[in-house]
Amino acid sequence: MEKDYKFKVNLGGMIDILSNHLYSSPDVFVRELLQNGTDAISARMISDNDFPEENAKIEIEVEEGKRIIFRDNGTGLNEEEIHKFLSVIGQSSKYDIENNRASGDYIGRFGIGLLSCFMVTDYICVRTRSYKTPDTVLEWKGMADGTYTIEESDADIAVGTEIIIENNKKSKDGTIDDYYNCDNIANLIYYYGLFLKYPVYTINGEEKTRLNLKFDFDTEKNKELCMTLGKTFLGENFLDCFTLRSPTGLFNGIAYVLPYPVSANVHNMHRIYLKNMFLTENGHKLLPEWAFFIRCIINTDNLKPTSSREDFYEDEELEKAKNEIGDIIADYFEDLDLNNKGLLYKIVSIHSLAVKSVIASGNELDDLLLPYIIFHTSMGDLTGKDILDFGSIAFYTTDENQYRQLAPLYIQRNQLLINAGYVYENAIITKLADISRKTDIQKLTDADIDFMLDDSEFDGDPAADKLLRIASRILKKYDCKPVLKEFRPFEIPTLYTINEKAYKARQIKRSKQKANNVFMGMLDSFENDIAASTVAYLYLNTNNLIIRKLINCDDDDKLSCYIEILYVQALLSGHFPLLNNEMKVLNENLYRLMSY
Amino acid sequence: MNYEEYKDSFFEGLDHGEPKCKGIRNAIDKAMELQDYENVLTLYGVFIEEDTFYCDGFQSVIIFPEYQSVFEQHPEFHEKNKYTLMWSFKWIAGSAEDFYQVTFEQLENMYRQYGEYCDRFKYNKRSYYRKIWNFMDTYAIKNFSLCSSCEEAHKLMMHCQLDELSEPAAGEADDLTSYYLFVEKKVQKALKAADRIFSGKLSCTVVPHYTYANFADYYFNHNDIVTAADYAVKSLRIINRDFGTDKSMMKYKGMIISVLAFYDLPTALKFFRRQLNICYTNECGLEMFYFYRGAYHLFLNLERTEQKTARLIFPFKEDPLYKKSNVYSVSKLREFFYNKTKYIADRFDERDNNHHFNYLLNKKYDFGDAAALS
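Residues numbered from 1 in each chain as written. Chains lettered and ligands numbered in written order. Predicted model: local features only at pLDDT ≥ 70, side-chain atom pairs only at ≥ 80, totals over all residues.

Student: What is the right way to look at the overall build of chain A in this model?
Tutor: Scanning chain A from terminus to terminus reveals 19 helices and 24 strands. Looking at chain A as a whole, 41% of its 596 residues qualify as buried. (Helix = DSSP H or I, 4+ residues; strand = E, 2+ residues; numbered from the N terminus. Buried ≥ 20, exposed ≤ 12 C-beta atoms within 10 Å, placed from the backbone.)

Student: Looking at this structure, I do not really get the overall build of chain B. What am I missing?
Tutor: A count of helical and extended segments in chain B gives 18 helices and 2 strands. Counting over 374 residues, chain B shows a buried share of 52%. Within chain B, contacts between residues at least 6 apart in sequence are counted, and of these 64% link residues at least 24 apart. (Contact = placed C-beta atoms within 7 Å.)

Student: Looking at this structure, I do not really get the interface of chain A and chain B. What am I missing?
Tutor: Interfaces are frequently sized by the accessible area removed from exposure as the parts join. With 34 residues of chain A in contact, the opposing surface of chain B contributes 35 residues. At the level of secondary structure, the elements contributing two or more residues to the side of chain A that touches chain B comprise α8 (352-360), α12 (425-435), α15 (500-512) and α16 (517-531) of chain A. Here the side of chain A that touches chain B gets 8 residues from one element, more than from any other, and that element is α16(A). A breakdown of the residues in the side of chain A that touches chain B according to their chemical character gives 14 nonpolar, 13 polar and 7 charged. (Nonpolar A, V, L, I, M, F, W, Y, C, P; charged D, E, K, R; others polar.)

Student: I would appreciate a short explanation of the sheet that holds strand β12 (residues 251-257) of chain A in the present structure.
Tutor: Within a sheet, neighbouring strands are paired by backbone hydrogen bonds and run either parallel or antiparallel to one another. Residue and element names in this part refer to chain A. Sheet architecture is open: 5 strands sit in the order β11-β12-β15-β13-β14, paired in mixed fashion. Each of the sheet's edge strands pairs with one partner strand only, and the pair in question is β11 (240-245) and β14 (277-282). Each adjacent strand pair in this sheet contributes to an overall mean axis angle of 15°, direction not counted. When β12 meets strand β15 (residues 294-300), the two strands line up antiparallel, connected through 7 bridges. Paired with Val-257 across the strands is Ile-294, a residue of β15. Set on the sheet, helix α6 (residues 316-339) makes contact with β11, β12 and β15; between it and β11 the angle comes to about 135°. (Pairing = 2+ DSSP bridges. Axes fitted to C-alpha atoms, helices over the stretch in contact; angles between N-to-C directions.)

Student: Is there a simple way to think about the sheet that holds strand β18 (residues 393-397) of chain A in this case?
Tutor: All names here are of chain A. Taken in spatial order, the 5 strands line up as β17-β16-β19-β18-β20 in an open sheet, and their pairing is mixed. Of all strands in the sheet, those with a lone pairing partner are β17 (380-383) and β20 (440-443), marking the two edges. Strand-to-strand twist in this sheet, taken as the mean axis angle between neighbours without regard to direction, amounts to 40°. Two strands pair when backbone bridges link them, and β18 and strand β19 (residues 416-419) are joined in this way by 4 bridges, in the parallel orientation. Its bridge partner being in β19, Ala-394 is matched across the sheet by Leu-416.

Student: How should I be thinking about the confidence of the model for chain B in this particular structure?
Tutor: Any residue range with low pLDDT should be treated as having predicted coordinates unsuitable for detailed reading. In this model, chain B carries a mean pLDDT of 92, and residues with pLDDT of at least 70 account for 98%. Confidence estimates for the predicted assembly give a pTM of 0.65 and an ipTM of 0.91. (pLDDT = per-residue confidence, 0-100.)

Student: Hey, could you run me through the packing of helix α15 (residues 265-279) of chain B against helix α16 (residues 285-304) of chain B in this one?
Tutor: The relative placement of two packed helices comes down to the angle between their axes together with the axis-to-axis distance. Residues and elements named next belong to chain B. The interhelical angle for the contact between α15 and α16, taken along N-to-C directions, is 140°, at an axis separation of 11 Å. Taken together, α15 and α16 sit at an angle that is classed as oblique. The chirality of how α15 crosses α16 is left-handed. Two secondary-structure elements touch here, α15 through Leu-265, Ala-268, Leu-269, Phe-272 and Cys-279 and α16 through Phe-291, Gly-294, Ala-295, Leu-298, Asn-301 and Leu-302. Classifying every residue of the contact of α15 with α16 gives 9 nonpolar, 2 polar and no charged. (Parallel < 35°, antiparallel > 145°, perpendicular 65-115°, else oblique. Left-handed = near helix turned anticlockwise from the far one by under 90°.)

Student: Could you clarify how one ought to interpret the nonpolar core in this entry?
Tutor: Inside soluble globular proteins, nonpolar side chains tend to come together where they are buried. Within the largest apolar cluster, 141 residues are counted, with the highest numbers of intra-cluster contacts made by A:Leu34, A:Ala255, A:Ile294, A:Cys296 and A:Ile418. If one sorts the elements of this core by residue count, helix α18 (residues 556-573) of chain A sits on top with 8 residues. Aside from chain neighbours lying at most four places away, what touches A:Ala255 is A:Cys241, A:Phe242, A:Leu244, A:Ile294, A:Cys296 and A:Ile329. Core analysis: the next-biggest nonpolar cluster, separate from the first, contains 133 residues, B:Leu41, B:Leu202, B:Leu236 and B:Ile239 among them. (Core = buried A, V, L, I, M, F, W, Y, C linked by C-beta atoms within 7 Å.)

Student: How should the packing of helix α3 (residues 37-54) of chain B against helix α5 (residues 78-96) of chain B be read in this particular structure?
Tutor: Residue and element names in this part refer to chain B. The interhelical angle for the contact between α3 and α5, taken along N-to-C directions, is 30°, at an axis separation of 9 Å. Classified by the angle their axes make, α3 and α5 are roughly parallel. Relative to α5, α3 is oriented so that their crossing is left-handed. When α3 is examined against α5, the residues Leu-41, Thr-42, Tyr-44, Gly-45, Ile-48, Glu-49 and Thr-52 are found in contact with a partner set consisting of Asn-81, Thr-84, Ser-88, Trp-91, Ile-92 and Ser-95.

Student: What is the right way to read the environment of B:Ile141 from this model?
Tutor: All names here are of chain B. Take Ile-141: it is sitting in the loop between α7 (126-138) and α8 (150-159). Here Ile-141 falls in the buried class, since 22 other C-beta atoms lie within 10 Å of it. Sequence separation of Ile-141 and Asp-352 is 211 residues, and the distance between their C-alpha atoms is 6.9 Å. In this structure Ile-141 touches Phe-135, Met-136 and Asp-352, once residues within four positions along its chain are discounted.

Student: Looking at this structure, I do not really get the environment of A:Asn426. What am I missing?
Tutor: With respect to the secondary-structure elements, A:Asn426 resides in helix α12. As a C-alpha pair, A:Asn426 and A:Lys443 span 17 residues in sequence and 9.8 Å in three-dimensional space. Ignoring any residue separated from it by four or fewer positions in sequence, one finds A:Asn426 in contact with A:Thr398, A:Ala420 and B:Pro315.

Student: Please explain the pairing of β19(A) as it appears in this structure.
Tutor: Consecutive side chains along a regular strand alternate between the two faces of the sheet. Residues and elements named next belong to chain A. Residues Leu-416 and Ile-418 point to one face of β19 and Leu-417 and Asn-419 to the other, with burial holding for every one of them. In this sheet, β19 lies alongside strand β16 (residues 374-377) in antiparallel orientation, the contact comprising 2 bridges. What sits directly across from Thr-377, in β19, is Ile-418. A crossover connection joins β18 to the parallel β19 through helix α11 (residues 400-413); in handedness this β-α-β unit is right-handed. (Right-handed = clockwise from strand over helix to strand, strands pointing away.)

Student: Just to check I follow, could you spell out the environment of A:Arg245 for this structure?
Tutor: Inspection of the secondary structure puts A:Arg245 in strand β11. Separated by 28 residues in sequence, A:Arg245 and A:Phe217 place their C-alpha atoms 8.4 Å apart.

Student: Would you mind going over the confidence of the model for chain A with me for this structure?
Tutor: In this model, chain A carries an average pLDDT of 84, and 88% of its residues clear a pLDDT of 70 or more. Across residues 92-110 of chain A, where pLDDT falls below 50, the model places 35 contacts with residues more than four positions away in sequence or in other chains.

Student: Is there a simple way to think about unusual backbone geometry in this case?
Tutor: In this structure, A:Pro489 follows A:Arg488 across a cis peptide bond, with omega equal to 0°. Structurally, the position occupied by A:Pro489 is in the loop between β22 (481-486) and β23 (494-498). Omega for the bond connecting B:Val207 with B:Pro208 falls within 30 degrees of zero, at 15°, which places this linkage in the cis form. Its location among the elements puts B:Pro208 in the loop between α11 (195-198) and α12 (209-221). Of note, the phi angle at A:Asn276 is positive, near 70°, even though the residue is not glycine. Here A:Asn276 is to be found in the loop between β13 (269-274) and β14. Look at B:Met249: it is not a glycine, yet its phi comes out positive at around 65°.

Student: Explain helix α7 (residues 341-350) of chain A here, please?
Tutor: The α-helix advances 3.6 residues per turn, and as a result positions three or four apart in sequence lie on the same side. Regarding α7(A), the residues found buried are A:Leu344, A:Ile347 and A:Val348. With its buried residues spanning 95° around the axis, α7(A) presents them on a single face. (Arc of directions from axis to C-beta.)

Student: Honestly, α18(A) in this entry has me stumped. Any pointers?
Tutor: Residues and elements named next belong to chain A. An ideal rise of 1.5 Å per residue puts 26 Å on 18 residues; α18 measures up with 25 Å between its terminal C-alpha atoms. All buried positions along α18 are accounted for by Cys-561, Tyr-562, Ile-563, Glu-564, Leu-566, Tyr-567, Val-568, Ala-570 and Leu-571. In the core, the buried residues of α18 are packed alongside α14 (462-476), β23, β24 (536-541), α17 (545-551) and α19 (580-595). The first or second residue beyond α18 is His-575, which carries a positive phi of 60°. (Expected span 1.5 Å × (residues − 1).)

Student: Is there a simple way to think about the pairing of β22(A) in this case?
Tutor: Residues and elements named next belong to chain A. For strand β21 (residues 454-455) and β22, the ladder comprises 2 bridges, and the chain directions are antiparallel. Opposite Asp-454, over in β22, you have Glu-486 as the bridge partner. Pairing of β22 with β24, which is carried by 5 bridges, proceeds in the parallel orientation. Of the residues in β24, the one forming a bridge with Lys-481 is Tyr-537.

Below, the structure is given as structure tokens:
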């Protein structure tokens, strides 16, 4: 015979789930009670026409070490509602069952908030007077073991609800006692409910203190107060702040610019509120990923929270909010470009990586931000604007190693070489070259390097030709070609340059020195694949006395020796780690020289 | 110096990817100079993990023989470092197969050696067979000396217990999902296997990123562009969040672009523009095949909307197509990215002796009214 059975819920197990898996800390019971109180008042504002908004309030009375009473003057509950909403887990008074959605006026909607109190007590007492049945006060007593009672009460309370929680739960480490302290409760209210729309008071004996504030997120009007708020809640002396106001009403708040650089992988701590109730510190879902230099205090009424109420669901609205925040940050930059260029320089120099990533993504901010980007160059650090105004030819290289090798020569010649070897800089310098009118910004090619080094006065000289012939033969085994040139400073006898592929080839050779048979073939394959595109030159500076001596040296054997030593010396001065054969060559040749 | 000191001095706080890899490489050189081989071995492992997850894996494949050599020269550190070495080996094996430069025979030898190392260090063959079926599936390999079929390798894998070299729970679930999707082609089983991933119970560095993208790819290839786009958007959000500024994940970024190119062109274009300048230096053939194929699909569909030109910061400055104006003919871009993809497809198909990549490139997609081209 078929029979219907009902699930039984182990309340102890549920509380364990809440405290160990759903909520990050027992602290959240304060948030849940504030939320219930706020929603009860909102409900009364909607349905009780005789209730003026200025009367609305939430009071939290703390009897030190003993109990906490949360009191609101919202709708209150009648008996039917008590059975329905306080005693059935998962049923919320704020949930519109017919329409299967939560009402937009309320913060909560899961019907599990009151349970969170069992994280700090084994006993909850709810006294309530419904505005619909104002002659009756009802008292609901719930135990952590899942039992509850309801009876009429003589308690003299106004329309609304008071929730009494007793300090009777044993905790392993004694931390529950900390919740029965007025200062600690006040701190939690401050943390969760700073922007709640109804006044929240703590009462400790005779002392009654208002904790929350009515705040206008308008940095134009309240700049100083906004900066103080940022310092207080986010703990930083920020560079600047600006208003975040969604054009579609999705959010409202303040964005703060960090005063120091941060890595793109650091998820900054924000203060994000849902319907004026604190939701999360984690803003990486709400802010564009490139905005890691920004921290926010932000309130939203329309984004959906997860059931733990500690994060947002990822949906289209969240994506839209993220795009809108990106646009507002872009507008802020535009405004600074017009009105406060100094601050924009400062922000871009501190947060260069973030700004570069914005430009690399190719949006409309490019032209605005490019002049502010700072590049390392042979003339020191220059901004994009400095480069645009330079007025002559500027070369850039995307190979950091090449920059390091060539920069000394450009410094001597007072010519501009830009290091575009860092993340995003290739895209940025390309863009800068495209918008440049006065300066001809060109990527450095082997021909440019060759051109920058002057022709040697020894070109065509038979002795110099002989040196080149011998050097070509010697350097062939290193896949390197010798070239005679004149350049400053005179003290540098040689200059070794390689392209990115040749740099990779060196790395492969380095690994091949140690590879076993299984990997040797693989490394050979990689090496062969790039062999055709590797380029390495050893420039011999005929202004240098050593090279001049070599030209006049008629001992071929000695010449070979010197050339190999100079080659290794050039590698060392270019900070290239030596391969085994190169180190060996250095030692062998020094030994040979000593034998002469 | 202890490990923490190397970290603080050379790579702590550097951004993921190339900056951090350079820092770790300098730390390895320093430890070598100090003959501090215990830390050399640890740092090699750190380097390979960083390069595998945040770059294109090329440097890892290059550096691993050095690591292996130092490891073999120092048996006193085997017990302590064997776990890191084996994970590194596992990662680089996964990377090496994705470079068409590596021949089929070299891959066979590498996998054989990986299996021998599993035996030598008393690990079971679960991770070995995982690599085998994954490789055979990704490259549509039919004749492989190490195993008769993808299904057989998977079966042998499932016969081995989980051990220290097994993927974490999220990776295992993602693997199973892929197997059901792409080998058995049973989407309901795959959805069930992915249940704990999609409900948020299982996750890791790359899951659910991979999982969403794989479902997107599956539905894309089974003519359901609406469902494919739904999964693609989910994958895009988290990939953007966690790997948006890295040149890794290009295979999945490419899959997303392919799907959205047929469904939501503006989003596909925006995502592509951003990634192109980050990733064009990625040298991994497999990754770039999917990324360039995504670009080809993008400009193919843009062309169908009769848009003639597109603005793009084009990083291939040496290519004749490059223009200072940043304005390009859509059809030229379509042709450019087709050719780039085709080059890679030919190289892989030559290596693997099949037509798998050319098939993937030239497959015609037609989603009819479902494709909302705008």
